[in-house]
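Examining the three-dimensional arrangement
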Amino acid sequence: MADIATAKKTLDALKKAHNSGDAVKAASLLGTLKIAVSSFPALPPVFEQTKTAADELSIARDTFEMAVLHAVTSGNEAAAERDHAQLRPFYVDCRGLMPDSKLEPLITGLNLTRLLVQNRIAEFHVELETVPARVADSAHVAHAVALESDLMEGAYGKILQASMTPDALPAKEYAAFMASLALTVREEIAACIEKAYESVDAAAAARLMGCAPADVAAVASKRGWRGDGNGGFLFAEEKKAPSAEDIPAHELINQTLMYAKEMERIV
Amino acid sequence: MAWRKKLTAQKLVDFLLASLDDSNPSKQSLVDLAGGEPSPPPLSTPKPATPKRRSSRGKKQTEGDVEMADAEGGDTPATKDEDGDAAGDANAIPPTPPTPAQRALPETEAYAHLLVLLLLLDANDPECKSASVAALNRLSQFNRRTLDALQARIVFYYSLAHERFGELAEVRPSLLALHRVAALRFDEMGQETILNLLMRNYLHYNMYDQAEKLRSKAQLPASRSNQQQCRYLYYLGRIRAIQLEYSDAKECLTQAHRKAPKLAKGFALELTKWITVVRLLLGEVPEKKDLTTAVSGGAAAQRALLPYLELTAAVRLGDLEKFRAVQEAHEAAFRADKTTNLVTRLRRNVIRTGLRRVSLAYSAISLDDVAQKLGLGEGDGDVEFVVAKAIRDGGIDATIDHDARTMHSSDATDVYSTGEPQAAFHARIAFCLDTHNEAVKAMRYPDKVKKGTGDGEGKSAKDRDLEELAMHIMDEDEMDEF
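Residues numbered from 1 in each chain as written. Chains lettered and ligands numbered in written order. Predicted model: local features only at pLDDT ≥ 70, side-chain atom pairs only at ≥ 80, totals over all residues. Heavy atoms only, no water.

With an unreviewed UniProt entry as reference, chain B is termed PCI domain-containing protein, source organism Micromonas pusilla. Per UniProt, chain B carries the Sequence similarities (unreviewed entry) text "Belongs to the proteasome subunit S3 family." (UniProt positions renumbered as here; feature names shortened; annotations may be inferred.)

Going by the annotation in an unreviewed UniProt entry, the name recorded for chain A is CSN8/PSMD8/EIF3K domain-containing protein, with Micromonas pusilla given as the source organism.

Laid out in structure tokens, this is it:
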């Protein structure tokens with residue numbers, strides 16, 4: 001039988017523990033609550049219509065939402081993905097069965113940002129399509145979309161700035177993602193510097209990458225940049241004389257063989 | 001399909017009364033659904049198709065439309081007389097009534113169900129939903145391959161009926177079950193149709209990842225009717241576009257556009273919209289005439305394409321301001337076409353195109369001027385990153401001078417000294433070879449045509465000549481080897 005009252009009490013305790021930042025207690029409460037929720041009959045995919053169906057659904061949904069938030073704040077991306085996957089049927093299939101969750105925009109925004117940080121852009125866009133219009137207009141999802149747009153365009157300055165100022169974020173939970181995003185962005189900037197500049201000195205590189213000069217040296221050695229003696233870096237390659245190796249022989253041979261095969265084929 | 005417009009309730013009831021046995025369980029319900037009134041006696045009542053053709057349908061593809069047109073050929077003398085009085089009866093070809101054997105066939109019953117469905121759908125009657133469910137329930141009692149073609153059509157209209165009345169989600173479980181059954185019975189036509197219907201269902205609700213999962217796991221049946229293949233390519237193209245695989249998407253969508261029948265103007269319009277957006281995302285700007293004069297469908301189609309035309313103009317100019325204005329102005333249209341997110345992704349292409357124009361026009365330009373031209377605003381150093389990323393992605397050929405804050409474009413290299421012409425040739429050659437292979441695969445035996453004996457002789461003479469010629473050519477080839 002569904003034990004609604006105890007589940008509700010545990011849920012409230014969990015929320016309090018999470019808000020006060022007590023991660024260990026939150027984790028243990030979460031465990032108990034998940035086990036309790038798994039015995040509710042009204043959940044997807046069974047959807048048995050008991051008297052307390054609406055209550056069960058909302059408690060289960062709140063549980064998984066707290067699970068996602070907890071995973072995000074403790075930096076556990078895999079758990080965040082799993083919990084969001086468990087949460088999705090509640091958003092999609094149960095939309096009419098209970099009042100909308102206030103945390104939905106936040107959770108959706110966090111999920112999209114997580115996909116972005118993990119560089120799964122295709123899945124990001126597929127997820128974005130399934131988000132309903134009401135949630136898509138919220139500040140959280142708009143923030144995630146703006147981040148993706150900046151990343152694609154190359155407006156890294158904006159992203160680095162956003163990661164430095166936590167107040168600009170719609171919620172404090174994004175802070176964990178922004179840190180890893182900043183790392184990704186730095187890598188990208190380093191790669192761009194290699195291609196775009198003929199030479200750059202250390203101070204300029206530090207300013208571009210938004211980090212201290214010491215880090216610049218670390219990145220340079222990792223990527224194999226050539227130093228020019230003054231602490232700067234050179235990227236221009238020497239022009240090699242054209243040689244026989246420049247002809248893409250393999251490719252041409254493959255292509256010609258394909259033509260011959262197709263032409264001679266008897267059907 | 002011209003007879004479909006002429007189908008009235010009365011004619012249908014006549015057909016039902018004549019072609020179904022009284023002991024048939026569905027007969028009464030079908031007659032009721034069709035309105036129950038046969039037409040008044042004096043007028044001749046042309047039947048939509050002679051019953052004999054129906055049972056020979058067998059394994060033929062869903063060129064059911066083509067078959068109907070064939071059958072209608074026998075009808076026209078009769079229908080011409082319908083407008084006037086009964087006086088023209090003498091010229092009418094009297095339709096052959098169905099034989100008792102044909103009346104007992106389940107195919108006849110399935111055909112009757114299909115006709116009633118068509119009538120209700122064209123009249124936008126909400127009864128069509130329950131009628132389609134009843135038809136499917138009745139057909140599920142049989143396991144005959146000859147019913148496959150009819151069943152595929154009925155499933156299609158079942159899904160269409162529910163879609164028209166907004167209940168598409170409820171159809172999904174039964175479609176999945178039907179697909180399972182079709183796969184078990186090797187019902188290829190059914191499998192094909194239902195797979196397309198399921199994909200349409202998922203895409204209607206924007207569930208792209210589920211559509212992709214289904215498509216990748218389901219077995220594609222071997223026989224592909226042209227219409228179903230067009231639909232399949234369209235849905236696949238949409239999924240690929242959302243998944244950021246634009247080259248695949250463009251290939252699928254353009255293939256669908258080519259294969260689509262001339263009459264499918266709405267379909268061609270949809271395809272044009274998607275192809276335009278995908279081409280813009282790939283970085284190539286479609287010609288203006290592709291979106292205006294070359295579009296079939298006249299003024300209405302051009303009006304529908306107007307948002308996309310303006311979008312193309314904004315991207316070609318590389319003007320961010322104009323792009324944003326177009327995006328806001330036509331937001332409703334994009335949302336209806338479900339291309340909103342794709343259009344949002346175009347922002348980066350606008351910037352890229354603008355940068356390319358600038359780098360081609362200037363050999364050296366300060367970064368602030370670049371920012372001003374692109375409309376990026378003074379975002380302290382952002383422009384530098386944007387240019388650097390564009391250079392890294394290979395969009396433009398330039399270098400940045402950090403201290404002087406300028407961008408220097410590199411000199412244009414001679415294209416013919418690189419491998420690019422060969423690559424372009426290769427793409428075209430591969431395409432021609434593919435088309436040739438597909439054409440060969442699509443060849444079919446010609447229909448048996450009855451000819452007089454005189455022609456027969458002439459034909460065989462020609463054949464003999466051809467054979468001799470072929471022999472000569474072969475002999476010559478053998479000579480060449482020596």
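Looking only at helices and strands, one finds 13 helices and three strands in chain A. Counting only residues that meet the buried cut, chain A has 43% of its 267 residues in that class. Roughly 14,200 Å² of accessible area belongs to chain A as shown, and the carbon and sulfur atoms make up 58% of that amount. (Helix = DSSP H or I, 4+ residues; strand = E, 2+ residues; numbered from the N terminus. Buried < 20%, exposed > 50% of the residue type's maximum accessible area, 1.4 Å probe, protein only. Areas by Shrake-Rupley, 256 points an atom, 1.4 Å probe, with all protein chains shown as cover.)

Contacts between the two partners involve 36 residues from chain A, matched on the other side by 33 residues from chain B. Applying the counting criterion to the chain A and chain B interface returns two salt bridges. Its salt-bridge partner being glutamate 188 of chain A, residue arginine 392 of chain B comes within 3.0 Å of it at the nearest N-O pair. At the junction of chain A with chain B, the criterion picks out nine residue pairs in polar contact (both at pLDDT 80 or more). Mapped by element, the contributors of at least two residues to the side of chain A that touches chain B are helix H6 (121–130), helix H8 (139–153), helix H9 (156–164), helix H10 (174–196), helix H11 (202–209) and helix H13 (249–264) of chain A. Counting residues per element, the side of chain A that touches chain B draws most heavily on H6 of chain A, at seven residues. Looking at the side of chain A that touches chain B residue by residue, the class counts come to 20 nonpolar, seven polar and nine charged. (Contact = heavy atoms within 4.5 Å. Salt bridge = Lys/Arg side-chain N within 4 Å of Asp/Glu carboxyl O. Polar contact = N/O pair within 3.5 Å; in protein donor to acceptor, adjacent residues only side chain to side chain. Nonpolar A, V, L, I, M, F, W, Y, C, P; charged D, E, K, R; others polar.)

Residues and elements named next belong to chain B. Within the sequence span of helix H23 (residues 367–374), burial applies to Leu367, Val370, Ala371 and Leu374. Projected down its long axis, H23 carries its buried residues within an arc of 100°, all on one side. Structurally, H23 contributes buried residues whose contacts are with helix H20 (320–329), helix H22 (340–361), strand S1 (364–366), helix H24 (382–392), strand S2 (398–401) and strand S3 (406–409). Looking one or two residues beyond H23, the residue adopting positive phi is glycine 375, at roughly 75°. (Arc of directions from axis to C-beta.)

Moving on, we come to the pairing of S2 of chain B. Pairing analysis gives four bridges linking S2 of chain B to S3 of chain B, with the strands arranged antiparallel. Across the sheet, residue aspartate 401 of chain B finds its bridge partner in S3 of chain B, namely threonine 406 of chain B. (Pairing = 2+ DSSP bridges.)

Residues and elements named next belong to chain B. Within the structure shown, the criterion is met by five aromatic pairs over all chains. Judged by centre distance (5.6 Å) and plane angle (40°), the ring pair of tyrosine 234 and tyrosine 235 falls under tilted. Judged on exposure class, the residue tyrosine 234 and its partner tyrosine 235 are both buried. Note on tyrosine 234 and phenylalanine 267: the rings are 5.5 Å apart at their centroids and 85° apart in plane angle, and the pair reads as edge-to-face. Here tyrosine 234 is found in helix H14 (residues 226–242), whereas its partner phenylalanine 267 is found in helix H16 (residues 265–282), with 33 residues between them in sequence. Judged by its relative accessible area of 7%, tyrosine 234 is buried. (Phe/Tyr/Trp six-rings, centres within 6.5 Å; stacked < 30°, edge-to-face > 60°.)

A word on the sheet that holds strand S1 (residues 199–200) of chain A. Pairing in this open sheet of three strands is antiparallel, and the strands run S1-S3-S2 (chain A) from one edge to the other. Each having just a single partner strand, S1 and strand S2 (226–227) of chain A make up the two edges of the open sheet.

All names here are of chain B. Across three bridges, S1 lies against S3 in antiparallel orientation. By the bridge assignment for S3, alanine 364 is matched with histidine 408. Counting the residues in the hairpin turn of S2 and S3 gives four residues, including arginine 405, whose phi is positive at 50°.

A few words on the packing of H22 of chain B against H23 of chain B. All names here are of chain B. Where H22 meets H23, the closest approach of the two axes is 10 Å, and the angle between their N-to-C directions is 130°. It follows that H22 is oblique to H23 by the angle criterion. For the crossing formed where H22 meets H23, the hand is right-handed. On H23, the residues touching Ile351, Gly354, Leu355 and Val358 of H22 are Val370, Lys373 and Leu374. (Axes fitted to C-alpha atoms, helices over the stretch in contact; angles between N-to-C directions. Parallel < 35°, antiparallel > 145°, perpendicular 65-115°, else oblique. Left-handed = near helix turned anticlockwise from the far one by under 90°.)

Residue and element names in this part refer to chain B. With their axes 10 Å apart at the nearest point, helix H13 (residues 208–217) and H14 run at an angle of 125° to one another. Judged on the interaxial angle alone, H14 and H13 are oblique. Two packed elements cross with a definite hand, and for H13 against H14 that hand is left-handed. Together, Tyr208, Ala211, Glu212 and Arg215 of H13 and Tyr232, Leu236, Arg238, Ile239, Arg240 and Ile242 of H14 make up the contact between the two elements. Tallied by class, the residues present in the contact of H13 with H14 amount to six nonpolar, no polar and four charged.

The next thing to look at is unusual backbone geometry. Residues and elements named next belong to chain B. Despite not being glycine, phenylalanine 186 has its phi angle at roughly 55°, a positive value. Take phenylalanine 186: it is sitting in the loop between helix H11 (168–184) and helix H12 (188–204). The backbone of asparagine 206 shows a phi angle near 65°, a positive value even though the residue is not glycine. With respect to the helices, strands and loops of the structure, asparagine 206 is situated in the loop between H12 and H13. Asparagine 206 sits in the buried class, given a relative accessible area of 17%.

Below, the discussion takes up the confidence of the model for chain B. As a general rule, the predicted coordinates of low-pLDDT regions are not to be interpreted in detail. All names here are of chain B. Mean pLDDT over chain B: 76, with 79% of residues reaching 70 or higher. Across residues 43–91, confidence stays below pLDDT 50; counting only partners more than four residues off in sequence or on other chains, it has 71 contacts. ipTM for the predicted complex: 0.76, alongside a pTM of 0.75. (pLDDT = per-residue confidence, 0-100.)

All right, on to the pattern of salt bridges then. Residue and element names in this part refer to chain B. Inspection of every chain in the model, using the stated rule, returns 26 salt bridges over all chains. Residue lysine 129 pairs with glutamate 167 through a salt bridge whose shortest N-O separation is 2.9 Å. Note that lysine 129 is positioned in helix H9 (residues 127–139) and glutamate 167 in the loop between helix H10 (148–164) and H11, a separation of 38 residues in sequence. Take glutamate 167: its relative accessible area is 24%, and that puts it in the partly exposed class.

Positionally, valine 415 of chain B belongs in the loop between S3 and helix H25 (420–441). Judged by relative accessible area, which is 42%, valine 415 of chain B ranks as partly exposed.

The next subject is a negative patch on the surface. Among the surface-exposed residues, Glu198 and Asp201 of chain A together with Asp401 and Asp403 of chain B lie close enough to one another that they form a single negatively charged patch. Structurally, the position occupied by aspartate 403 of chain B is in the loop between S2 and S3. (Patch = residues over 30% accessible without salt bridge, like charges linked within 9 Å, V, L, I, M, F, W, Y side chains within 5 Å. Lys, Arg positive; Asp, Glu negative; His and termini not counted. Charge placed at Lys NZ, Arg CZ, Asp CG, Glu CD.)

The buried category is assigned to lysine 129 of chain B, whose relative accessible area is 17%. When neighbours within four sequence positions are excluded, lysine 129 of chain B is seen to be in contact with Ala161, His162, Phe165 and Glu167 of chain B.

With that settled, the discussion passes to the sheet that holds S1 of chain B. Paired through their backbone hydrogen bonds, the strands of a sheet run either parallel or antiparallel. Residue and element names in this part refer to chain B. Read across the sheet, three strands follow the order S1-S3-S2 without closing on themselves; strand pairing throughout is antiparallel. Among the strands making up the open sheet, the edge pair consists of S1 and S2. If you compare each strand with its neighbour and ignore which way they point, the axes differ by 20° on average.

Moving on, we come to the state of the cysteines. According to the stated counting rule, one finds zero disulfides over all chains in the structure shown. The closest cysteine sulfur to the non-disulfide-bonded cysteine 252 of chain B is located on cysteine 230 of chain B, 12 Å from its own sulfur. (Disulfide = S-S within 2.5 Å.)

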